[in-house]
Amino acid sequence: MKVYISVDIEGCAGITHWDEAEKNHADWQEFREQMTREAVAAIEGAQIAGATEILVKDAHCSGRNIIASMLPADVRLIRAWQGHPLGMVQELDETFDAVMMIGYHAAAGSEENSLAHTLSLDAAEIRINGRRASEYLIHALASSMLGVPTVFVSGDKGLMDEIEEVNPHVGRCAVKQGRGQSTISMTPAAAVKAIRDGAATSLRGELKASLLAMPEHVIAEITYSNPVLAARHQWYPGMEHAGNRTLRFETNHYFDVLRMLNYVT
């Protein structure tokens, strides 16, 4: 079994403020360690379920957060960014059996996490075929495009509620809830155990049930916080200025959406 694990930080246990997610801030070290512990828990769960090859992507900000020395010897780690449209699932291909997403979070426009955003802080909201898009949705569609199901996701309860609507077969682990600028969270140790158990259970299930149906036609809409960005990015090929701060992009090929987002978010 070949498993891909994409790891973010804003959906990890306890993290609440942007200071805790930023590499150059003193608070980051504590949550960098928790991000790594949650990644290790997912790795251990995958190995319990029989995974023989595991590729981990550090998918937060610089891509240089996970403490590599804490990872088991028999996994590989992707650090930093190539710039490929697959983004947070860079290097994923059809040879993988499953994807897991750890430390993921609610979408831009959501009030379910004080750190909610999608891809960057530029977008006030991104919608795909009318649905508010989280980083989970964008990249689970990318994995499904390749025929690889995203079978397990950990993060905040707001994201888990979204996934329940998108595909209830996906394994889910809510390690915290957002309340305005505050969070109600599992302890780090409890989150690690829940992720390990959830990852193992999900990988023992019917993996293909977690595939998302790929739309035949895609309408992506981006509303920017800053109107200057909408004015600039309307010149991306195929982009339409749909209204105040909002751009629309239509295509029959989902990879076109990934490529577009790579340049305008």
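See the structure above.
Residues numbered from 1 in each chain as written. Predicted model: local features only at pLDDT ≥ 70, side-chain atom pairs only at ≥ 80, totals over all residues. Heavy atoms only, no water.

## Thoughts on the sheet that holds strand E4 (residues 98-104)
Thought 1: Read across the open sheet, the seven strands follow the order E3-E2-E1-E4-E7-E8-E9; overall the sheet is mixed. In the strand order of this sheet, the two ends are held by strand E3 (76-78) and strand E9 (182-185), each with one partner. Neighbour to neighbour, the strand axes of the sheet diverge by 20° on average, direction disregarded.
Thought 2: Pairing analysis gives three bridges linking strand E2 (residues 53-58) to E3, with the strands arranged parallel. Within the sheet, the bridge partner assigned to leucine 55 lies in E3 and is arginine 76.
Thought 3: Contacts from helix H2 (residues 135-145) reach E4 and strand E7 (150-156), with the element oriented near 170° to E4.
Thought 4: Where helix H4 (residues 188-203) meets the sheet, its contacts fall on strand E1 (2-7), E4, E7 and strand E8 (171-179), and the angle it forms with E7 comes to roughly 160°. (Pairing = 2+ DSSP bridges. Helix = DSSP H or I, 4+ residues; strand = E, 2+ residues; numbered from the N terminus. Axes fitted to C-alpha atoms, helices over the stretch in contact; angles between N-to-C directions. Contact = heavy atoms within 4.5 Å.)

## Regarding the packing of aromatic side chains
Thought 1: In total, this model carries three aromatic pairs according to the counting rule given.
Thought 2: Aromatic pair tyrosine 4 and phenylalanine 96: ring centres 5.7 Å apart, planes at 75°, arrangement edge-to-face. Taken together, the residues span a long stretch of sequence, with tyrosine 4 in strand E1 and phenylalanine 96 in the loop between E3 and E4 at a distance of 92 residues. Accessibility assignment for this pair places tyrosine 4 and phenylalanine 96 in one class, buried.
Thought 3: Judged by centre distance (6.3 Å) and plane angle (35°), the ring pair of tyrosine 236 and tyrosine 263 falls under tilted. With tyrosine 236 in the loop between helix H5 (227-233) and strand E11 (239-243) and tyrosine 263 in helix H6 (residues 254-264), this pair connects stretches of sequence that are 27 residues apart.
Thought 4: Pairwise contacts between aromatic rings join Tyr236, Phe249 and Tyr263 into one cluster.
Thought 5: Over the aromatic face of phenylalanine 96 sits the side chain of lysine 2, whose NZ or CZ is 4.4 Å from the ring centroid.
Thought 6: The ring of tryptophan 81 has lysine 57 sitting right over it, with the charged end atom 3.6 Å from the ring centre. (Phe/Tyr/Trp six-rings, centres within 6.5 Å; stacked < 30°, edge-to-face > 60°. Buried < 20%, exposed > 50% of the residue type's maximum accessible area, 1.4 Å probe, protein only. Lys NZ or Arg CZ within 6 Å of the ring centre and 35° of its normal.)

## Brief notes about the layout of surface pockets
Thought 1: Here the largest pocket defines a volume of roughly 610 Å³.
Thought 2: Forming the walls of the largest pocket are 28 residues, and the residues nearest its centre are Cys61, Trp81, Leu119, Ser120 and Glu135.
Thought 3: Contributions of two or more residues to the lining of the largest pocket are made by H2 and H6.
Thought 4: Grouping the constituent residues of the lining of the largest pocket by class yields 13 nonpolar, 11 polar and four charged.
Thought 5: Approximately 240 Å³ is the volume found for the second largest pocket.
Thought 6: Ser110, Glu112, Arg132, Gly158 and Glu162 are the residues nearest the centre of the second largest pocket, which is lined by 13 residues in total.
Thought 7: Those elements that provide at least two residues to the lining of the second largest pocket are strand E6 (131-132) and helix H3 (157-166).
Thought 8: With five residues, the top contributor of residues to the lining of the second largest pocket is H3.
Thought 9: Class assignment for the residues of the lining of the second largest pocket results in three nonpolar, three polar and seven charged. (1 Å grid on protein atoms, 1.4 Å probe; cavity = no way out; pocket = protein on both sides within 12 Å on 5 of 7 lines; lining within 4 Å. Points joined across faces, edges and corners; volume = space filled by probe spheres on them. Nonpolar A, V, L, I, M, F, W, Y, C, P; charged D, E, K, R; others polar.)

## Digging into the side chain of serine 210
Thought 1: Tracing the chain through its elements places serine 210 in the loop between H4 and strand E10 (218-224).
Thought 2: For serine 210, a relative accessible area of 3% corresponds to the buried category.
Thought 3: Non-local contacts of serine 210, meaning those with residues more than four positions away in its chain, are made with Pro149, Thr150, Val151, Asn167, His169 and Val170.

## Re the pairing of strand E5 (residues 123-128)
Thought 1: When E5 meets E10, the two strands line up antiparallel, connected through five bridges. The partner of isoleucine 126 across the bridge, within E10, is isoleucine 222.
Thought 2: Taken together, the two bridges between E5 and E6 define a ladder with antiparallel strand orientation. When the bridges of E6 are listed, arginine 127 appears paired with arginine 132.
Thought 3: Adjacent in sequence and paired antiparallel, E5 and E6 are bridged by two residues, among which asparagine 129 carries a positive phi angle near 50°.

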